[in-house]
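# Examining the three-dimensional arrangement
So you can see what is in the structure, the chains are spelled out below.
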Amino acid sequence: MPQRIDGSGETVRFTFEGREVAARAGETLAAALIAAGETTTRDSVVSGAPRGPFCMMGVCYECLVEIDGVPNRQACMIVAEPGMTVNRQTADEVVA
Amino acid sequence: MNSYDVVVVGAGPAGMACATEASRAGLSTLVLDEQPRPGGQIYRDIEVSDPGRRALLGKDYGEGARIAEAFRASKAEYRSGAVVWNIDSEKRIDYSAGGRSHSVQAKSLVVATGAIERPTPMPGWTLPGVTTVGAVQILLKTSGIVFEDLVLVGSGPLLWLAATQMIAAGAPPKAIVETVPRSRYREAARHFAKALRGWRYLAKGFAMMRAVKKAGVPVHSDAADIAIEGEIAVTAVTFTSGGTRQRIETAHVALHQGVVPNQQITRLMNCKHRFDDSQRAFLPVVDESFETSIPGVYVAGDGAGIGGAKSAEMRGRLVAMRIAEKVGNRAGEAAKLRTELAKDAAVRPLLEALYAPAADVLAPADATMVCRCEEITAGQIREAVALGAPGPNQVKSFLRAGMGPCQGRMCGLAVSEIIAAAKGETPSTVDYYRIRPPLKPLLLSELAGLGAEEPREAAE
Amino acid sequence: MTNRTADLLVIGGGIHGCSAALQAAMRGLDVVVIEKDTVARHASGVNAGGVRRLGRDYAEVPISQRSMEIWHRIGELLDDDCGFQRAPQIKVAETDADLQDLKDRAAHLRAMGFEHEVVLDRNELRTHLPAVSEHCVGGLASFDDGFALPYQTTFAFQRKARSLGVRFEENCRAQRVERVGSDFKVTTERGVFTGRKLLNCGGAWAGEIARQLGEGVSVEPTAPMMLVTSRMPRFCTAVVGNQSRPLSFKQMANGTVVIGGGRRGRALPETNVSELIFSELRQTAETAMAIFPIMRQASIVRSWAGIEGRMPDGIPVISASSTEEGAYHAFGFSSHGFQLGPGVGEIMGELIATGATNAPIAPFSITRFTPEP
């Protein structure tokens, strides 16, 4: 499991797949998800295979999630905000 | 539409230094950066990291604080969270910020978008739990996140830097699987004498290796045929080293084969590029002041060829001085900076020779996925070439390689290499994908609203 | 050493050049295609891929029909399905006035003897386009049309032609075209090619070739803009246009949506560069969202513009030369030539190989641009 090396800062809570996840204030959704042990953020739109954050700097588009109903958002570029509803982007959602 | 003497895209060391210098020379300057805070990737979150975290990230990371402070104190305007999605031939820049698109006009444009990690296609590299080494560093810099079972795979200074940072953070990597072939040391040795001018880098390199050894991290050298195993996430990494097949169980693998210039903007603008055999990457063609083949378009920092953070800062300043000089403003003294820049670059030929990308990554097996977005394998690319597709753009049209949301960032170089090898040519002749806007995916509704707010506001 | 002589020299490796080269080779001619870049580099490789009879200029309807017949058996012709999918093409009317125009058109076509365009009322429109916006009042449909993948198609024409012996000289710009005795000489950056006959399929660059043959015709280079979105839930199986606003809209099998329809970017044919003009493309985005509200969720992954040649009257030149016997032209398709590629290639192959065709190509004669004496 991933660990945090320093003491707790201010915490922001959002939900991922209906579960509550705690993020440090100012950090991205992808970082918070990885810290919570969630490495899978979407399914491939081609094969349905699971994918997760890869580059953490906005270039690979592997961490696409649905935030508050809007698909194709980059979890590694978006700072966690209190109350966000975040879901995995599944292949069914995009190719029904 | 607002207009600036200089618009800098990117707020890493090059962008910050360039903007600071440009505004000091009296030029109206705007910096657009997509991250929430300045620093780029190398100095990511430098303004908010506490002394503890700075200590474990090392002295060089701390350098970023000085650059960021000077940037903040300068007259340059700074817009964070600004995603540049188009720049036209007149240097009109469209960017997205706060859910809306805005446009600004640049008299001179400075592309300071740095580097990205080289694509590393290998079996299993799309599994969740596999990241780049850069990603692991970003997690440490921004969130203090470490892994107890991290296996670092690949080659390059960043691999060793990440390892020492993890050790300092109290979470040494489970193993380092290094892909540098033994023969490379002999080949690279001829660059050693020249590299001594950059003794500081060499000393840092040896210190990092010593730290890894001291921490007892197993280092598997001369590793090849690497495969990442797992069904729905990584469970292990396997490889051949020392003549035997080995397997390490882990849920976290970080890959690295060096960094390469981020070409998206210079390609979009049709700047001339060349393939650099030593860096094994495409570089925009620039003059001694880092001006591209398009007048008034400059590349500062690693985007013009990998030189590292110190070099990026110096190059950023040189670009600003050149722009100021051109419009007749008083510019700083460039000569001394150029000497320093040359000295700083002395170590590069050695690093480029020693840490050239692994053969397996340049020529992946047929079954290996190369385009992650559209799931196109190396074999499919070779088949398209056999059918007569002459280059990356035809392979893209034919197979959809490079057509997904990453727009070829994660496969472009690998695709050029594979096509070149299949045709018996060089990447230089087969060239690279044409890059089309938007540079990053853009909501259709945002395009529809373009120009709706009049007068257009620019930076706040 | 390259064989630089042929029965037929084709200038231009777009869909029309490749299709005509294939058809000429099928009739026994020895053919060389001279292409300044690579095959399908411009409009033929990057158009929106519509295979549309709907809404064509009345003069084009017969040749469009002929082409459609080939499209429906494209796999047999080329050993490649070209990504062709049969789908309705539907032109949406947003107002009663638009619908009336569509009704008038359908009536006109019926009088000409063509039954393929069918008026849809409000409910019928929704049967075919469940996601269409509430305000749309009806439409006009052509059911046996479809769409295909442009690069795959043109590449398939090239490969099939090559398998029949057609030689492709790529990255080989035709610099000078002239008649020498009974032959045509084409001087290129890679030497001189000689052929008994010559076909000009030069697209946006065809005007210069025609001029060198003494034809008085001008071609305007244009850059029709297109964009593609990331994958979306399946909501549309037809190819959709609009009666009063430029639009070409389709959802591909993989879920991505390709939107085009004629808004033009900047074409710079000298440098092969085309540039998007987003203040124009913005209107395309607006129209797409107006017709399909679901598009508010869509994100644009890429936009592009291929360089294409446009004639002053908006219909192509498909013609024997008016100045040189043995020379022919097929260019200026004015942003709607993709569907015509298979059919016009067949017509040109026939015309060049036999000297005649029964296809009604008189309206496309190059002489229509000859100044009155």
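Quick caveat, the model's predicted, so the values are computed rather than measured.

## Considerations on the sheet that holds strand S17 (residues 257-260) of chain C
Each strand in a sheet pairs with its neighbour through backbone hydrogen bonds, running either in the same direction (parallel) or in the opposite one (antiparallel). Strand order in the open sheet made by the nine strands is S23(B)-S20(C)-S14(C)-S17(C)-S16(C)-S15(C)-S5(C)-S7(C)-S6(C), with mixed pairing throughout. Every other strand in the sheet has two partners, leaving strand S23 (442-443) of chain B together with strand S6 (117-120) of chain C as the edge strands with one partner each. By the bridge criterion, four bridges tie strand S16 (residues 248-251) of chain C to S17 of chain C in an arrangement that is antiparallel. Each bridged residue has a counterpart across the sheet, and for Gln 251 of chain C the counterpart in S17 of chain C is Val 257 of chain C.

## Brief notes about the nonpolar core
Phe 14 of chain A, Ile 228 of chain B together with Leu 199 and Met 348 of chain C are the most contacted members of the largest nonpolar core, which totals 223 residues. Sort the elements by how many residues they give to this core and helix H10 (residues 309-326) of chain B lands first, with eight residues. Setting aside chain neighbours within four positions, we find Phe 14 of chain A in contact with Arg 19, Glu 20, Val 21, Ala 23, Leu 29, Ala 32, Leu 33, Ala 80, Glu 81, Gly 83, Met 84 and Val 86 of chain A. Grouped together as the second largest cluster of nonpolar side chains are 42 residues, Leu 447 and Ala 448 of chain B together with Ile 90 and Ile 300 of chain C included.

## Thoughts on the pattern of salt bridges
Summed over all chains, the structure comprises 55 salt bridges over all chains. The partner of Arg 51 of chain A in a salt bridge is Glu 62 of chain A, with the nearest N and O atoms 2.9 Å apart. Remark: Glu 62 of chain A occurs in the loop between strand S5 (50-51) and strand S6 (64-67) and Arg 51 of chain A occurs in strand S5; sequence separation between them is eleven residues. The exposure class of Glu 62 of chain A is buried, given its relative accessible area of 0%. Ionic pairing is found between Arg 179 of chain C and Glu 324 of chain C, a salt bridge with its closest N-O pair at 3.4 Å. With Arg 179 of chain C in strand S10 (residues 174-180) and Glu 324 of chain C in the loop between strand S22 (317-320) and strand S23 (327-331), this pair connects stretches of sequence that are 145 residues apart. For Arg 179 of chain C, a relative accessible area of 29% puts it in the partly exposed group. A residue is classified by how much of its surface remains accessible, and Glu 324 of chain C, at 23% relative accessible area, is partly exposed. Look at the salt bridges and you will find they share partners, linking Arg 42, Arg 51 and Glu 62 of chain A together with Arg 372 and Glu 375 of chain B into a network.

## Observations concerning the interface of chain B and chain A
Counting from both sides, the interface comprises 44 residues of chain B and, opposite them, 36 residues of chain A. Roughly 3300 Å² is buried in total at the junction of chain B and chain A, and carbon and sulfur atoms are behind 59% of that figure. When residues of chain B are sorted by the area they lose upon contact with chain A, Pro 128, Arg 372 and Glu 375 of chain B head the list and together hold 15% of the total. Scanning the region where chain B abuts chain A turns up three salt bridges. Here Asp 6 of chain A ties to Arg 53 of chain B by a salt bridge, and the two come within 2.8 Å at their closest N and O atoms. Taken together, the connections running from chain B to chain A amount to 16 residue pairs in polar contact (both at pLDDT 80 or more). Those elements that provide at least two residues to the side of chain B that touches chain A are helix H2 (51-57), strand S7 (115-117), strand S8 (130-132), helix H4 (133-143), strand S9 (145-147) and strand S16 (252-257) of chain B. Here the element with the most residues in the side of chain B that touches chain A is H4 of chain B; it accounts for five residues. Each residue belonging to the side of chain B that touches chain A can be placed in one class, and the counts come to 23 nonpolar, ten polar and eleven charged.

## Looking at the packing of helix H1 (residues 15-26) of chain C against helix H7 (residues 150-163) of chain C
Residues and elements named next belong to chain C. The geometry of H1 relative to H7 is characterised by a closest axis approach of 9 Å and an angle of 30° between their N-to-C directions. One element, H1, and the other, H7, form an angle in the roughly parallel class. Crossing angle aside, the handedness with which H1 passes H7 is left-handed. For the pair formed by H1 and H7, the contact residues are Ile 15, Cys 18, Ser 19 and Leu 22 on the first element and Thr 153, Thr 154, Phe 157, Gln 158, Lys 160 and Ala 161 on the second. Considered class by class, the residues forming the contact of H1 with H7 number five nonpolar, four polar and one charged.

## Considering the UniProt feature "domain: BFD-like [2Fe-2S]-binding" (unreviewed entry) in chain B
Mapped onto the present numbering, the UniProt feature "domain: BFD-like [2Fe-2S]-binding" (unreviewed entry) falls on residues 369-420 of chain B. As annotated, residues 369-420 of chain B comprises 52% helix and 10% strand, and the C-alpha atoms at either end are separated by 18 Å.

## Quick notes on helix H16 (residues 412-423) of chain B
All names here are of chain B. For H16, with twelve residues, the first-to-last C-alpha span of 17 Å sits near the 16 Å given by 1.5 Å per residue. The buried fraction of H16 amounts to nine of the twelve residues, a majority that puts the element mostly inside the structure. Considered for burial, the residues of H16 that qualify are Gly 412, Leu 413, Ala 414, Val 415, Ser 416, Glu 417, Ile 418, Ile 419 and Ala 420. Directly after H16, the chain includes Gly 424, whose backbone phi takes a positive value near 70°.

Cut-offs used in this document
- Residues numbered from 1 in each chain as written.
- Chains lettered and ligands numbered in written order.
- Predicted model: local features only at pLDDT ≥ 70, side-chain atom pairs only at ≥ 80, totals over all residues.
- Heavy atoms only, no water.
- Pairing = 2+ DSSP bridges.
- Helix = DSSP H or I, 4+ residues; strand = E, 2+ residues; numbered from the N terminus.
- Core = buried A, V, L, I, M, F, W, Y, C linked by side-chain atoms within 4.5 Å.
- Buried < 20%, exposed > 50% of the residue type's maximum accessible area, 1.4 Å probe, protein only.
- Contact = heavy atoms within 4.5 Å.
- Salt bridge = Lys/Arg side-chain N within 4 Å of Asp/Glu carboxyl O.
- Buried area = accessible area lost by both parts, 1.4 Å probe.
- Polar contact = N/O pair within 3.5 Å; in protein donor to acceptor, adjacent residues only side chain to side chain.
- Nonpolar A, V, L, I, M, F, W, Y, C, P; charged D, E, K, R; others polar.
- Axes fitted to C-alpha atoms, helices over the stretch in contact; angles between N-to-C directions.
- Parallel < 35°, antiparallel > 145°, perpendicular 65-115°, else oblique.
- Left-handed = near helix turned anticlockwise from the far one by under 90°.
- UniProt positions renumbered as here; feature names shortened; annotations may be inferred.
- Expected span 1.5 Å × (residues − 1).

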